[in-house]
Amino acid sequence: MTANIKPFWVRIPYTLIGTGAVDNVGALAKELGGKKILIVTDQGVVQAGLVDKVKQSLEKEGIEFGIFDSCEPDAPVNVIKSCAQFAKEGGYDLVIGLGGGSVMDAAKLASIAATTEDITLESISKYIVSGPPGPGLPKILIATTAGTGSEISPIAVVVDVDGVKKAVRHEYCLTNIAIVDPLMTKYLPPAITAQTGMDALTHAFEGYLCPRPNILADTLAEMTIELISDNLRPAYHNGTEYLEARYNMAIASTYAMSTIPMAGVSLYHAMGHSLQIEAKTTHGISLYLVMPPVMEFNLMATPQRFARIAELMGENIEGLPLREAALKSIYAVKQLGTDIGLPQRLRDIRVKKEQIPKFVDILFTTYATRVTTNTPPLSREDATRLYESIW
Ligand SMILES: [Fe+2]
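**Quick look at helix α3 (residues 50-60)**
Turning to step 1, where the next piece is worked out: Within α3, the full set of buried residues consists of L50, V51, V54, S57 and L58. Down the axis of α3, the sector holding all buried residues measures 130°, keeping them to one side. Away from its buried face, by an angle of more than 90 degrees, α3 presents the exposed residues Q56 and K60.
Turning to step 2, where the next piece is worked out: Each element contacted by the buried residues of α3 is listed here: α1 (25-31), β2 (36-40), α2 (43-47), β3 (64-68), β4 (94-99) and β5 (139-143).
Turning to step 3, where the next piece is worked out: Where α3 ends, the next residue or the one after it, G62, has phi of about 70°, a positive value.

Given below as structure tokens:
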């Protein structure tokens, strides 16, 4: 815990959590005044049959709806533009984002752009620097993975016109209502369960290990680290049968994300994003790969916190010197990643050593503030060494 008394915002939208929660989406859309609703999703979600659950609920309420199912991984700006045009031309008055983080982030920004005069790549890209021009259409976000937490966050991560992942952080990105239903993740393939679950763990680390932690974020981060440690393995190996693990992962992923707007971020996503785009891998894999070296680099700044993480992840730290107890947290993360089949080295995902300077370039241009606010500060040489250590 911390005695940080600086003011911090608690910004969590109305969130309906629980098994079968998605059956209420029609009634909730009606409460928000939706008369013609656009379901924003992707092909994977359609093929998994999850759109049907939403359709049934809307049909039950007699609400007209359409579907935009062309979302792509990491929410490229051109997809957001197409979705916004689709929503505007169709006269839709409420957006339901149904999917993982990429879909929900696209839905957030498309719902905003849909109410603007000019829907262009440039106008949407401007949201990254200047913020969105208004709240846009009302929205409901429904998570179909347990990882991103985007359903409750005021953040939308997009791939900008230059191909780099960037974030729009603004209260207009907050949804009117979030729905978290573990049944939506019941048939999630093991590899996606592993990668998204590791994303959730990283969100808890960001909020817990950032330069300005606070007591509320700490409490939620500790709870979610423990939940993920206890439930990600069974969700990965037996998720279709063991719904309790899915339930706990759903809760954990939602509230792990809540720590970031409350407290802040550390270096994990900056290092991960810099790797991800260039290496053409997934968000969860890139985060898992950079976690151990970033933890090691930051370990001695807050060794008590790392020791607590080790304890929360089931390691016995009794009687150990603080440094050794803290190091056990890295061991625990690596064990978890191994147990859920994640790659262990950059070369496992076909990264060439010659690509590392490019990762460092992206880190020091796009995520420069994250580097300078890290404790201890990170030099280009440090970053190179960290990436090389996992090659
Ligand atoms: Fe993330």
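**Comments concerning a positive patch on the surface**
Turning to step 1, where the next piece is worked out: The grouping of K334, R345, R347 and K353 at the surface amounts to a positive patch.
Turning to step 2, where the next piece is worked out: Counting through the fold element by element, K353 comes out in the loop between α14 (322-339) and α15 (356-366).
Turning to step 3, where the next piece is worked out: Assessed through its relative accessible area of 40%, K353 is described here as partly exposed.

**Here's the deal with the nonpolar core**
Turning to step 1, where the next piece is worked out: With 69 residues, the main nonpolar core has L201, F205, I225, M271, L275, M313 and L378 as its most contacted residues.
Turning to step 2, where the next piece is worked out: At nine residues, the largest contribution of residues to this core is made by helix α9 (residues 215-238).
Turning to step 3, where the next piece is worked out: With residues near it in sequence (within four places) discarded, L275 still touches S286, L289, V290, L346, V351, F359 and Y387.
Turning to step 4, where the next piece is worked out: Core analysis: the second largest hydrophobic core is formed by 33 residues, V77, V95, A107 and V168 among them.

**What about the coordination of the iron ion?**
Turning to step 1, where the next piece is worked out: Looking at the iron ion, the protein donor atoms are D199 (OD), H203 (NE2), H269 (NE2) and H283 (NE2), and they sit 2.1 to 2.2 Å from it.
Turning to step 2, where the next piece is worked out: Motif for the iron ion, donor spacing along one chain: D-x3-H-x65-H-x13-H. Placement of H203 in helix α8 (residues 190-209) and of H269 in helix α11 (residues 268-279) is noted, with a sequence separation of 66 residues between them. With respect to class, H203 is no different from H269; both count as buried.

**Digging into the state of the cysteines**
Turning to step 1, where the next piece is worked out: Scanning the entire structure with this criterion turns up zero disulfides.
Turning to step 2, where the next piece is worked out: The structure places no disulfide on C83, whose sulfur is separated from the nearest cysteine sulfur, that of C71, by 5.6 Å.
Turning to step 3, where the next piece is worked out: With relative accessibility at 1%, the residue C83 sits in the buried group.

**A few points about unusual backbone geometry**
Turning to step 1, where the next piece is worked out: Cis geometry is adopted by the peptide bond preceding P376, which originates at T375 and carries an omega value of 0°.
Turning to step 2, where the next piece is worked out: Positive phi values are uncommon outside glycine, yet A75 reaches one of about 45°.
Turning to step 3, where the next piece is worked out: Take A75: it is sitting in the loop between β3 and α4 (77-90).
Turning to step 4, where the next piece is worked out: Here the phi dihedral of R350 falls at roughly 65°; this positive angle occurs in a residue that is not glycine.
Turning to step 5, where the next piece is worked out: Following the sequence through the fold, R350 ends up in the loop between α14 and α15.
Turning to step 6, where the next piece is worked out: Using a relative accessible area of 70% as the deciding quantity, one classes R350 as exposed.

**Let's talk about the sheet that holds strand β8 (residues 177-180)**
Turning to step 1, where the next piece is worked out: Judged by pairing direction, the sheet is parallel, and its six strands sit side by side in the order β1-β8-β5-β4-β2-β3 without closing on themselves. Of all strands in the sheet, those bounded by a partner on one side alone are β1 (14-17) and β3. Between one strand and the next, the sheet's axes are offset by a mean angle of 20°, whatever the strand orientation.
Turning to step 2, where the next piece is worked out: With four bridges joining them, β1 and β8 adopt parallel strand pairing. Residue pairing in the sheet places I17 in a bridge with V180 of β8.
Turning to step 3, where the next piece is worked out: In the packing of helix α5 (residues 101-113) onto the sheet, contacts are made with β2, β4 and β5, and the angle to β4 comes to roughly 165°.

**Some remarks on the environment of L32**
Turning to step 1, where the next piece is worked out: As for its position among the elements, L32 is in the loop between α1 and β2.
Turning to step 2, where the next piece is worked out: Each C-alpha atom of the pair L32 and E241 lies 35 Å from the other, and the pair is 209 residues apart in sequence.
Turning to step 3, where the next piece is worked out: Those residues within four positions of L32 in sequence are excluded, and the remaining contacts are L94, K139, I140, N176 and I177.

**Brief notes about the environment of F359**
Turning to step 1, where the next piece is worked out: Considering the arrangement of structural elements, one finds F359 in helix α15.
Turning to step 2, where the next piece is worked out: The exposure class of F359 is buried, given its relative accessible area of 0%.
Turning to step 3, where the next piece is worked out: Separated by 327 residues in sequence, F359 and L32 place their C-alpha atoms 44 Å apart.
Turning to step 4, where the next piece is worked out: Not counting chain neighbours up to four residues away, the residues in contact with F359 comprise S274, L275, E278, A279, L346, V351 and Y387.

**Observations regarding the pattern of salt bridges**
Turning to step 1, where the next piece is worked out: Counted by the stated rule, this structure contains twelve salt bridges.
Turning to step 2, where the next piece is worked out: R308 is the salt-bridge partner of E311, the closest N and O atoms lying 3.1 Å from each other. With a gap of three residues between them, E311 and R308 both fall in helix α13 (residues 303-312), about one helical turn apart.
Turning to step 3, where the next piece is worked out: A relative accessible area of 39% places E311 in the partly exposed class.
Turning to step 4, where the next piece is worked out: For D361, the salt bridge identified is with R380, shortest N-O distance 2.4 Å. With D361 in helix α15 and R380 in helix α17 (residues 380-389), the pair connects residues that are 19 residues apart, well separated along the chain.
Turning to step 5, where the next piece is worked out: The exposure class assigned to D361 is partly exposed, which follows from its relative accessible area of 35%.
Turning to step 6, where the next piece is worked out: Within this structure, D160, D162 and K166 form a network of salt bridges that share partners.

The rules behind these values
- Residues numbered from 1 in each chain as written.
- Predicted model: local features only at pLDDT ≥ 70, side-chain atom pairs only at ≥ 80, totals over all residues.
- Heavy atoms only, no water.
- Buried < 20%, exposed > 50% of the residue type's maximum accessible area, 1.4 Å probe, protein only.
- Helix = DSSP H or I, 4+ residues; strand = E, 2+ residues; numbered from the N terminus.
- Arc of directions from axis to C-beta.
- Contact = heavy atoms within 4.5 Å.
- Patch = residues over 30% accessible without salt bridge, like charges linked within 9 Å, V, L, I, M, F, W, Y side chains within 5 Å.
- Areas by Shrake-Rupley, 256 points an atom, 1.4 Å probe, with all protein chains shown as cover.
- Salt bridge = Lys/Arg side-chain N within 4 Å of Asp/Glu carboxyl O.
- Lys, Arg positive; Asp, Glu negative; His and termini not counted.
- Charge placed at Lys NZ, Arg CZ, Asp CG, Glu CD.
- Core = buried A, V, L, I, M, F, W, Y, C linked by side-chain atoms within 4.5 Å.
- Donors = N, O, S within 2.8 Å, 3.2 Å for Na, K, Ca; no water.
- Disulfide = S-S within 2.5 Å.
- Pairing = 2+ DSSP bridges.
- Axes fitted to C-alpha atoms, helices over the stretch in contact; angles between N-to-C directions.

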